[in-house]
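Reading the structure
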Amino acid sequence: MTTLPAENPRQQNAMAAQTRDVVDVAGLTKNFGRFRAIDDLDLRVARGTVHGFLGPNGAGKTTTIRVLLGLYRRDAGRVRVLGHDPATHSSVIDRDLSYVAGEVVLWPSLTGRQALDVLAGLRRSAGGEYDDDRERALIEAFSLDPSKRIRKYSKGNRQKVMLVAAFAARTELLILDEPTSGLDPLMERTFGDCVRQAVADGRTVLLSSHILGEVERLCDAVTIIKDGRLVETGQLAQMRHLAASAISAVVSVDSADRVATELGAALGDNASVSRNPMQGNAVRFDASVPQELVDRVLQLLLAAHPTDVRCTPASLEDLFLQHYRIGAADARPADTQSGGR
Amino acid sequence: MRVMSSRPRPAGRRIGPARVALRTHRRQILAWTLPLLGLLVIVGPSYASTYPQLNQRTHLIDSLSGNVATRLLYGPLPRPGTIGQLLTWEMGTYLVIVSSVFTLLLGVRFGRGAEESGAAELLQACGHSAAARLRGALAAVTVVAVGLGVGVAAVLLAESGLVEELTVRGALSLGLVTTCTGLFFGLAGLLAGALADSTGLARVLGFVVLAISFVLRAVANVHGVVALRWVSPLGWIDVVSPYTRNRWWTGAVFLAACVSVGGLVWLAGQGREYGSAVLHERAVSDDRLRVRSVVALTWHLERGRWLAWTVGVVAIGAFFGGMSGNLVTLLEGDSNTARLMREMTGEHRLDAAFFSFAGVLIGLLVGCYAVLTVLASGTEEGDGLLEDLLACGVRRRESLSARAVLAALGSLTMLLAAGAVCSLVTLSQLHGGAAGRGFSYVAGQWPAVLALTGLGVLCVGARRSLGVLAWVPVAGSAVLVLMGSVLHAPRWLQASAVFAHVPDYADGSVPSTGVVALLGCGVVCLLIGVVWRGRRDLMPE
């Protein structure tokens, strides 16, 4: 196969975006002194999708994002953003990338309008493109008063300034790090609309968020990391299918002990069952059941003639908490050891 | 995973708002007070070693008293001119002005600054009411002002055993007036913070009070209006008159004035809603900002600071120009001072020695401006503002390069303006090439400032936290060039001071090897620093 050389970096970006993943990270490792913040991480974000990037506090999400932006240099692994290595071509990448940081800091003496002017002017001077009409529409959609000075803005309003600048820029990729933590529910909805519009325009979004409902609504795929390591990644629908389902059943008090014993036997070491007494001589069992055991658990519950049975696929929150609990359980013995020293 | 072992805290330990304010600002407090007290330590013994006998100072005192510029800034020099009187006259003036600026800024930080940063909310969340926070701020300002006064008195008391003419009563009087002046401006800062809706506006209000104070004292000094010294807190030092009249009882009057201002602070704070203010800056604007480069943005953000520095540096240039006539006459008739000046500057001609000295002081100030401008790039990196720029496709090196360009060109224009004004004012005082000498010695410090700029860029380019090292060559050069000859430092060591390499261009001298080395050092360090910043991890907080 013959590859024709692109005339300029912008064309290279366009070609790269059409031919491969917009973000392609393999075996990324980043150390700060002796502390390993990211350990052999893989991350792939397909073009034209919204990719959720999840993890508890301190998991390494922001560090990963800073490597993607070229703020941090990796210690090992391969990183490509829009087909380029951010360690050597960060300015080429950043021209076609919009970024909203978790803690938005802007120039306090400028007004919101002036800050937007600066962000647009610098992007244009770097060879990027910016849509003024889109900016006006976004200012209205986010109900932003751009005439106020930044120092008078709340956190949410500072985030709005950056979101307006990010969505108004004509970029291939949006990297959004906790972009809605300061927004009210109405503005969160507006943000969701903007993300959907961006994807409809062919752009790609990497969304780091703690608001799992938001990720569930917006994302096609998610990557969950913990302690700098990949925990799970893939299409959200597929992950839900593979994950444990939540089963709830209400049975009579007389059969409750038998049901508890049978559930324990069926689920074995994976047992995550809670038993909650209810009014009217009834007991409700809530269990998180691995996909391969759903059939068997439902059969034994039905045999107890329950008054109510519900089976729901795992939510993103269940997925996240499941990994978080496993991580915490794994860490506990080590904690105890260290603490005993 | 490692579990941190924690020592149990002592039960019942209490931390009040005043302690929080003092602890969170301890670096600023030390950064202002220690150099000030350090300077105070060396001034008294320096006078004593240069002018051990009273009759050796007669010519100096006559010359200094007859000059309008010195009279405006320092006031009349008390007779007969003991070491204590000289120290109060010169160092005392610096002491009250610098401590006023310091406590004013601190007062604003303790009041409005705490509300802006959210520290006040944090205290509220820990159960400290608005009244308790206000009491804490008042207490913190008082502790700083009293601490400064005690420090001044302690230094001078310690020296009273070494220098006979430094009396105990004089030391206590100067400590007292330092406390009164510092307390007044600290409280003024708190009051301005209660009235203004931002720290910026509060500082402006505070500095207006300081400027009025300065003008009132200057009028009192030049025209002899004694009553104005009572009205101006900067003139209180003349009323107390340490080492002359030692009127320590007037301190009670000044403390009463401070209590009144404290009462106003209390009244302004009572019932005030969190964050509310009477005076508002223009918070709304439809102005646009069409910038297309980081240099243009940096200039827009920094032009106010550049203008303030330029006005200050030019005023000092005018001051030196105004003093030139009398001081050169003084040097011609005072062999001690002339010898000291020649040793310090390495110049034989007395007018060259004087302008060389003036150039060093102005160069030192402009060097501080350049280093501050460059180090602001490290602050941008820590705050996360650099991320905003990089996310627009700006190259990693551009922010630091823009700061370096601003520092280099800003300092050049500052030195040219100060040199020109110094030269123009000198024309009314001296003839025969002195005006050109005034210009060339001031403007000739630019290679030194460029070298400091380059070293600053190198430090902050290598690592944000290393930025503080940029002050080492500034402080080291200042000590070596001003004190090197007195301390009998080796020649090569004195030559390492960046300010020590300005030839007498007005005499037809050409740039020396030192000048070329400074320019080379500045450019090379600047380039290395900028490239280094482009290659290392950027470290937001």
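Residues numbered from 1 in each chain as written. Chains lettered and ligands numbered in written order. Predicted model: local features only at pLDDT ≥ 70, side-chain atom pairs only at ≥ 80, totals over all residues. Heavy atoms only, no water.

1. Considerations on the overall build of chain A
- Along chain A, the regular secondary structure elements total 12 helices and 13 strands.
- For chain A, long-range pairs separated by at least 24 residues make up 69% of all intrachain contacts whose partners lie at least 6 apart in sequence.
- Per element, the accessible surface of chain A, about 15600 Å² overall, is 47% carbon and sulfur. (Helix = DSSP H or I, 4+ residues; strand = E, 2+ residues; numbered from the N terminus. Contact = heavy atoms within 4.5 Å. Areas by Shrake-Rupley, 256 points an atom, 1.4 Å probe, with all protein chains shown as cover.)

2. Some thoughts on the environment of Ser428(B)
Residue and element names in this part refer to chain B.
- Within the fold, Ser-428 resides in the loop between α17 (398-427) and α18 (434-443).
- For Ser-428, a relative accessible area of 59% puts it in the exposed group.
- Considered as a pair, Ser-428 and Gly-321 are 107 residues apart in the sequence and their alpha carbons are 8.7 Å apart.
- Of note is the side chain of Ser-428, whose polar atom sits 2.6 Å from the backbone oxygen of Val-425. (Buried < 20%, exposed > 50% of the residue type's maximum accessible area, 1.4 Å probe, protein only. Polar contact = N/O pair within 3.5 Å; in protein donor to acceptor, adjacent residues only side chain to side chain.)

3. Re the sheet that holds strand β2 (residues 35-45) of chain A
Residue and element names in this part refer to chain A.
- Read across the sheet, 3 strands follow the order β2-β1-β4 without closing on themselves; strand pairing throughout is antiparallel. Lying at the two open borders of the sheet, with one neighbouring strand each, are β2 and β4 (76-81). Adjacent strand axes in the sheet meet at a mean angle of 25 degrees when their direction is disregarded.
- When strand β1 (residues 23-32) meets β4, the two strands line up antiparallel, connected through 5 bridges. Its bridge partner lying in β4, Thr-29 is registered against Ala-76.
- Those strands touched by helix α2 (residues 61-69) are β1, β2 and β4, and its axis lies near 115 degrees from that of β1. (Pairing = 2+ DSSP bridges. Axes fitted to C-alpha atoms, helices over the stretch in contact; angles between N-to-C directions.)

4. Looking at the nonpolar core
All names here are of chain B.
- Membership of the largest hydrophobic core comes to 122 residues, with the highest contact counts inside it found for Leu-87 and Phe-354.
- Top contributing element to this core by residue count: helix α15 (residues 350-383), with 17 residues.
- Inspection of this core shows a minimum of three residues originating in each of domain 1 (17-269) and domain 2 (294-535).
- Phe-354 has contacts with Phe-320, Met-323, Ser-324, Leu-327, Val-328, Leu-331 and Met-341, leaving out every residue within four places of it along the chain. (Core = buried A, V, L, I, M, F, W, Y, C linked by side-chain atoms within 4.5 Å. Domains from an automatic or database assignment.)

5. Focus on the domain arrangement of chain A
- Split by domain assignment, chain A resolves into domain 1 (9-237) and domain 2 (244-312).
- The centre of domain 1 of chain A, based on its C-alpha atoms, is set 43 Å off from the matching centre of domain 2 of chain A.

6. What about the pattern of salt bridges?
Residues and elements named next belong to chain A.
- Going through the model one piece at a time under the given rule, you end up with 37 salt bridges over all chains.
- As a salt-bridge pair, Asp-21 and Arg-44 come within 3.9 Å of each other at their nearest N and O atoms. Of this pair, Asp-21 sits in the loop between α1 (9-19) and β1 while Arg-44 sits in strand β2, and the two are 23 residues apart along the sequence.
- Classification of Asp-21 by relative accessible area gives partly exposed; the value is 24%. (Salt bridge = Lys/Arg side-chain N within 4 Å of Asp/Glu carboxyl O.)

7. With respect to the packing of helix α7 (residues 130-160) of chain B against helix α8 (residues 168-195) of chain B
All names here are of chain B.
- Relative to each other, α7 and α8 sit at 160 degrees, their axes nearing to 8 Å. It follows that α7 is roughly antiparallel to α8 by the angle criterion. Note that α7 runs across α8; the crossing there is right-handed.
- Residues that form the contact of α7 with α8 fall into these classes: 18 nonpolar, 8 polar and no charged. (Parallel < 35°, antiparallel > 145°, perpendicular 65-115°, else oblique. Left-handed = near helix turned anticlockwise from the far one by under 90°. Nonpolar A, V, L, I, M, F, W, Y, C, P; charged D, E, K, R; others polar.)

8. Regarding helix α6 (residues 155-168) of chain A
- With 14 residues, α6(A) should cover 20 Å at 1.5 Å per step; its first-to-last C-alpha distance of 20 Å lies within 8% of that length.
- Of all the 14 residues making up α6(A), 11 are buried; the element is thus mostly covered by neighbouring parts of the structure.
- Within α6(A) the residues assigned to the buried category are Gly156(A), Gln159(A), Lys160(A), Val161(A), Met162(A), Leu163(A), Val164(A), Ala165(A), Ala166(A), Phe167(A) and Ala168(A).
- Tucked inside the fold, the buried residues of α6(A) contact β5 (97-100), α4 (112-125), α5 (132-141), β6 (173-177) and α7 (185-200) of chain A together with α16 (385-390) of chain B. (Expected span 1.5 Å × (residues − 1).)

9. Section: a nonpolar patch on the surface
- Together, Leu72(B), Phe214(B), Val215(B), Val219(B), Val222(B) and Val225(B) give the surface a local cluster of nonpolar side chains, amounting to about 400 Å² of exposed area.
- Here the nonpolar patch gets 4 residues from one element, more than from any other, and that element is helix α9 (residues 199-223) of chain B. (Patch = residues over 30% accessible without salt bridge, like charges linked within 9 Å, V, L, I, M, F, W, Y side chains within 5 Å.)

10. As for the packing of aromatic side chains
Residues and elements named next belong to chain B.
- In total, this model carries 15 aromatic pairs over all chains according to the counting rule given.
- Between Phe-320 and Phe-354, the aromatic rings sit 6.2 Å apart at their centres with planes inclined by 65 degrees, giving edge-to-face as the arrangement. Highlighted residues: Phe-320 in helix α13 (residues 294-333) and Phe-354 in helix α15, separated in sequence by 34 residues. By the burial criterion, Phe-320 is buried, and Phe-354 matches it.
- Through successive ring pairs, a cluster of aromatic residues spans Tyr-74, Trp-89, Tyr-94, Phe-319, Phe-320, Phe-354 and Phe-355. (Phe/Tyr/Trp six-rings, centres within 6.5 Å; stacked < 30°, edge-to-face > 60°.)

11. Topic: the domain arrangement of chain B
Residue and element names in this part refer to chain B.
- When its domains are assigned, chain B resolves into domain 1 (17-269) and domain 2 (294-535).
- Computed from C-alpha atoms alone, the centre-to-centre distance between domain 1 and domain 2 is 28 Å.
- Of the roughly 1100 Å² buried at the junction of domain 1 and domain 2 (both faces included), carbon and sulfur atoms supply 63%.
- Inspection of the domain 1/domain 2 interface yields 0 salt bridges.
- At the junction of domain 1 and domain 2, the tally comes to 0 residue pairs in polar contact (both at pLDDT 80 or more).
- When contributions to the side of domain 1 that touches domain 2 are tallied by element, the ones reaching two or more residues are α2 (26-50), α3 (58-65) and α4 (68-74).
- Classifying every residue of the side of domain 1 that touches domain 2 by side-chain character gives 7 nonpolar, 8 polar and no charged. (Buried area = accessible area lost by both parts, 1.4 Å probe.)

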